[in-house]
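Close look at the chain arrangement
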Amino acid sequence: MASGSQSGWLEKQSTRDAWWNWFSGLFGLDLRSLAVYRIGMGLLLLSDLILRSRDLFAHYTDWGILPRDVNVYRPSHLMLHQLSGEAWYEALLFIVAGIFALLLIFGCWTRMATCVSWLLLASLQARNPLTNDGAQDLMRVLMFWNMFLPLGARYSVDAALNISLSQRKKRVVSVATFALMVQMCIMYWISYKFKTSPEWRSDGSAVYYALSLDMLTTSLGSWLRDFPVFLRGLTYFVVGLEAMTPLVFFFPWRNAIFRLVLIALVCGMHAGFIFCMWIEIFPFLCIVAWMAFVPSLAWDWLAERLRSPRRSGLALYYDGRSGWSRRWALWARTFCILPQMRIRRLAVNKAAAALAKQQGSLVLTDSQGRSYCGRVALREMLCRSPVAWPLGWIVSWFVSDRAVPRPAPSGRSPQRWLEDLTVLFPFRRMRLRSWWITQAFVTVWLVYIVGYNLNQIGINSIDLGKIPEMVRDPSMFPDAMLVSSSGNGRLQLNFNDWMNYRPTWKYSTPHTILWSFRMLGLELRLDQRWAMFAPNPLKDDGWFVFAARLEDNTTIDLWTEKPVTFARPRWVAGKFPNYRWFKFMENFLGPTNNTGFHPHIGRYFHRQWNERHPGNKIIQLDIYFIAEISQPPYVHQALQERHIMRWCRNNECK
């Protein structure tokens, strides 16, 4: 009787375990995937800062193109970059952001590094919104969800010092993991819903027209334009993949296999963007984001493939009297990805203790009984690492097996001073699951972003003149990135009217609550719009010519410092100093012709040129857009010369 009861209990337990494995596989994330995702996000944050720093003076200071009194874009009060327009202050914030991006890469104080990185990123994007693109929206909202994920649970400084049983777990399931999944799936699905033009849905010419934008297309993309039938197939592939992403992602049967196939297809699509289009970090960001969803099945298979006799039986001995010695040993095991390597005290191995007494530092032993000490031990760990072996190969050139006697310590050694800093890296118990109040908070904002995106379906364009009426309608979320200038020299976005408006008493209480909810969402910078190449791909291709008349009556192009020519350049994208300048010109100086902002542009280029050429200053600046409207295959593309603006020094124009 007892045997039957025990058998029934085991069967129920097995059923519960099977259901939990299915549920966690569908809605949970592997901690190893989150670690790879964390490293990728940190690298992209650092890359974004480096790319933006090239134009620190021009784009983020009062000396540049958008002084603070002109930038009235106020999506949030958390705008640290708006507190000062001095170059040293902006450079300081860039450096601080870079430091926290490095901390995120190495997983040191991961939660704090993630929160500060999100705050500085949102502030930086709001400082000059005209240089942003869809990648900035995606990076910002991903960093918001990252604050609630255990990104430092694997392959990190924090994970190495974790002494709780959570280090044995493979996956984490929470509302935050589900929110990250929904965010990525809804981005692709909303992008599909926006693609309503015949170029996407019927004639399949969208990819051809996208690759016809020479200001974005690489040489490979230009070559592919000669194969319109192939590009038509790519068009339908992109639309179909975006439409099917949520269904395949959450497919309940053999989800790991379907998810791996989906990740391969989506990453392949973005790899094509990398080689065919000049859109900076967006495709890299999408590939990194999908790394968070790699299922445990893939990592388990890879771990089995990486097992080898050289990595088995390793033991690393440390000096138990030194707090740093144990920490270095744990960090070495973590970052060399040698999870089977044992970490033990020198006191349990007399031979290792004697070797350490002679040569100092850590001692490594392998399954064949060989011992390595100091830098030789580091070299061996790197050479046996499945990821760091190239570094070990380089280190082996400079490190020999010759024993080096340990010098006698004199006075208070640097190691003794370092021991005092171990308080910054305490051993602690890492909690993978969030508190219930955090889960509730994430649930609220998950509902917010779903509602925000669903309310944008069908809104492909908004008449700027109707914004004051539209923002008073609580049933509609306005477009987040429309830009206009009303002629007063200030940058006007629809956020300005929306945020300055307050509901009157004629509105019901639910409307007032909804309005406050939206306002708080803007403070957290959860606004987003995924109308990428939609509803139809841009066909207004071309380049800009900055014709400056100097005091010696010569006329040059400011960007090339050569005589002005309106002829088509050999490489159109080369007419822009970098991608940020291209986005600025596209967002503002294109066909919208925002006259109120022209004086600020003229004054910036006037100052920038005169500082380098004080003997031959600018008198007059004319900016032209040479439009090249994309045509069907084998149809001649005519050029259109559009005069965008004229600026004169002290009204000296003739």
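Report on the accompanying structure. Bear in mind that the values here come from a model prediction, so they are computed numbers and not experimental data. (Residues numbered from 1 in each chain as written. Predicted model: local features only at pLDDT ≥ 70, side-chain atom pairs only at ≥ 80, totals over all residues. Heavy atoms only, no water.)

Turning our attention to unusual backbone geometry. That bond from Ala-534 to Pro-535 is cis: its omega, 0 degrees, falls within 30 degrees of zero. Considering the arrangement of structural elements, one finds Pro-535 in the loop between α24 (509-523) and β9 (540-550). With a phi angle near 50 degrees, Arg-254 is a residue other than glycine that sits in the positive phi range. One can find Arg-254 in the loop between α12 (228-249) and α13 (255-276). A positive phi angle, close to 70 degrees, is found at Asn-553, a residue other than glycine. Along the chain, Asn-553 falls in the loop between β9 and β10 (555-557). (Helix = DSSP H or I, 4+ residues; strand = E, 2+ residues; numbered from the N terminus.)

Moving on, we get to the packing of aromatic side chains. Two measures describe an aromatic ring pair: the distance that separates the ring centres and the angle between the ring planes. Enumeration according to the criterion identifies 49 aromatic pairs in this entry. Relative to Tyr-209, the ring of Tyr-208 has its centre 5.3 Å away and its plane inclined at 70 degrees; by these criteria the two rings are edge-to-face. For the residue pair Tyr-208 and Tyr-209, the accessibility class agrees, reading buried in each case. In this structure, Lys-195 is placed above the aromatic ring of Trp-200, and the distance from its NZ or CZ to the ring centre is 5.0 Å. Its guanidinium or amino end placed over the ring of Phe-249, Arg-259 lies 4.0 Å from that ring's centre, counting from NZ or CZ. (Phe/Tyr/Trp six-rings, centres within 6.5 Å; stacked < 30°, edge-to-face > 60°. Buried < 20%, exposed > 50% of the residue type's maximum accessible area, 1.4 Å probe, protein only. Lys NZ or Arg CZ within 6 Å of the ring centre and 35° of its normal.)

If you look at the biggest cluster of nonpolar residues, it comprises 130 residues, and the most contacted ones within it are Tyr-37, Leu-138, Trp-290 and Phe-293. The element that contributes the greatest number of residues to this core is helix α8 (residues 175-194), accounting for 13 residues. With residues up to four places along the chain from it excluded, the contact list for Tyr-37 reads Leu-142, Asn-146, Leu-151, Leu-180, Val-288, Ala-289 and Ala-292. (Core = buried A, V, L, I, M, F, W, Y, C linked by side-chain atoms within 4.5 Å. Contact = heavy atoms within 4.5 Å.)

On to the pattern of salt bridges. Should the charged atoms of two oppositely charged side chains come close, the side chains can pair. The final tally for this structure, using the stated rule, is 28 salt bridges. Lys-583 is paired through a salt bridge with Glu-586; the nearest N and O atoms lie 2.6 Å apart. Of this pair, Lys-583 and Glu-586 both sit in helix α25 (residues 579-588), three residues apart, which is roughly one turn of the helix. Accessibility expressed as a relative area gives 10% for Lys-583, which makes it buried. Its relative accessible area of 32% is what places Glu-586 among the partly exposed residues. For the salt bridge of Asp-622 with Arg-646, the shortest nitrogen-to-oxygen distance reads 2.6 Å. Of this pair, Asp-622 sits in strand β12 (residues 618-629) while Arg-646 is found in strand β13 (residues 639-648), placing the two residues 24 residues apart along the sequence. For Asp-622, a relative accessible area of 5% translates into the label buried. (Salt bridge = Lys/Arg side-chain N within 4 Å of Asp/Glu carboxyl O.)

In this section: the pairing of β12. Along β12, 11 of the 12 residues are buried, which leaves the element largely enclosed by surrounding structure. Pairing between β9 and β12: 11 bridges, direction antiparallel. From the neighbouring strand, Leu-550 faces β12, where its bridge partner is Ile-618. As paired elements, β12 and β13 share nine bridges and run antiparallel to each other. Counted as the bridge partner of Leu-621 is Trp-647 from β13. (Pairing = 2+ DSSP bridges.)

A few words on the sheet that holds strand β4 (residues 342-345). With mixed pairing, four strands are arranged side by side in an open sheet as β4-β3-β5-β6. Looking at which strands have only one partner, the edges of the open sheet turn out to be β4 and β6 (371-373). Neighbouring strand axes in the sheet, compared pairwise and without regard to direction, differ in orientation by 25 degrees on average. Where strand β5 (residues 363-365) and β6 come together, three bridges link them in antiparallel fashion. Pairing of Val-363 across the sheet is with Cys-373, part of β6. (Axes fitted to C-alpha atoms, helices over the stretch in contact; angles between N-to-C directions.)

We now examine the side chain of Thr-217. Mapped onto the secondary structure, Thr-217 falls in the loop between α10 (206-211) and α11 (219-224). A distance of 2.9 Å separates a polar side-chain atom of Thr-217 from the backbone oxygen of Leu-211. Polar side-chain contacts of Thr-217 include one of 2.6 Å to the backbone oxygen of Leu-213. Once residues lying within four places of it in the same chain are set aside, the contact partners of Thr-217 are Ala-210, Leu-211, Ser-212, Ser-222, Arg-225, Cys-276, Met-277 and Trp-571. (Polar contact = N/O pair within 3.5 Å; in protein donor to acceptor, adjacent residues only side chain to side chain.)

Gaps left between atoms show up when a probe the size of a water molecule is rolled over them. Evaluation of the coordinates by the stated rule reveals three cavities of 30 Å³ or more. Quantified by volume, the largest cavity comes out at close to 90 Å³. Along the walls of the largest cavity sit Leu-45, Asp-48, Leu-49, His-81, Ala-97, Ala-101, Ser-117, Leu-120, Leu-121 and Leu-124, which together make up its complete lining. When contributions to the lining of the largest cavity are tallied by element, the ones reaching two or more residues are α2 (31-53), α4 (87-106) and α5 (110-127). (1 Å grid on protein atoms, 1.4 Å probe; cavity = no way out; pocket = protein on both sides within 12 Å on 5 of 7 lines; lining within 4 Å. Points joined across faces, edges and corners; volume = space filled by probe spheres on them.)

Contact geometry for α2 and helix α15 (residues 296-306): axes closest at 8 Å, N-to-C directions at 90 degrees. Judged by the angle between their axes, α2 and α15 are roughly perpendicular. Contact residues: α2 offers Arg-32, Ser-33 and Val-36, while α15 offers Ser-296, Trp-299 and Asp-300. Among the residues forming the contact of α2 with α15, the class breakdown is two nonpolar, two polar and two charged. (Parallel < 35°, antiparallel > 145°, perpendicular 65-115°, else oblique. Nonpolar A, V, L, I, M, F, W, Y, C, P; charged D, E, K, R; others polar.)

Let's shift gears to helix α17 (residues 350-359). Looking at α17, one finds that the buried residues are Ala-352, Leu-355 and Ala-356. Down the axis of α17, the sector holding all buried residues measures 100 degrees, keeping them to one side. Residues Lys-350, Lys-357 and Gln-358 are exposed on α17 and point more than 90 degrees away from its buried face. Residues of α17 that are buried in the fold lie against β3 (315-318), β5 and β6. At the N-terminal end of α17, a side-chain oxygen is found 3.2 Å from the backbone nitrogen of Ala-351, two or three residues along, and the residue is Asn-349. (Arc of directions from axis to C-beta.)

Structurally, the position occupied by Ser-33 is in helix α2. Look at Ser-33 and you get buried, because its relative accessible area is 0%. Within polar-contact distance, the side chain of Ser-33 engages the side chain of Trp-299 at 2.6 Å. Here Ser-33 is in contact with Met-291, Ala-292, Val-294 and Trp-299, once residues within four sequence places are set aside.

Here five strands make up an open sheet; going across it, the order is β11-β10-β9-β12-β13 and the pairing antiparallel. Sheet topology places β11 (562-563) and β13 at the edges, where each strand pairs with a single neighbour. Where helix α26 (residues 598-612) meets the sheet, it contacts β9, β10, β12 and β13, and its direction lies at approximately 75 degrees from that of β13.

A few words now on the packing of α8 against helix α21 (residues 436-454). The contact between α8 and α21 brings their axes to 10 Å, and the two run at 5 degrees. It follows that α8 is roughly parallel to α21 by the angle criterion. Of α21, the residues touching α8 (which contributes Val-175, Ala-176, Phe-178, Ala-179, Val-182, Gln-183, Ile-186, Trp-189 and Ile-190) are Gln-439, Val-442, Thr-443, Leu-446, Ile-449, Val-450, Asn-453 and Leu-454. For the contact of α8 with α21, a count of residues per class yields 13 nonpolar, four polar and no charged.

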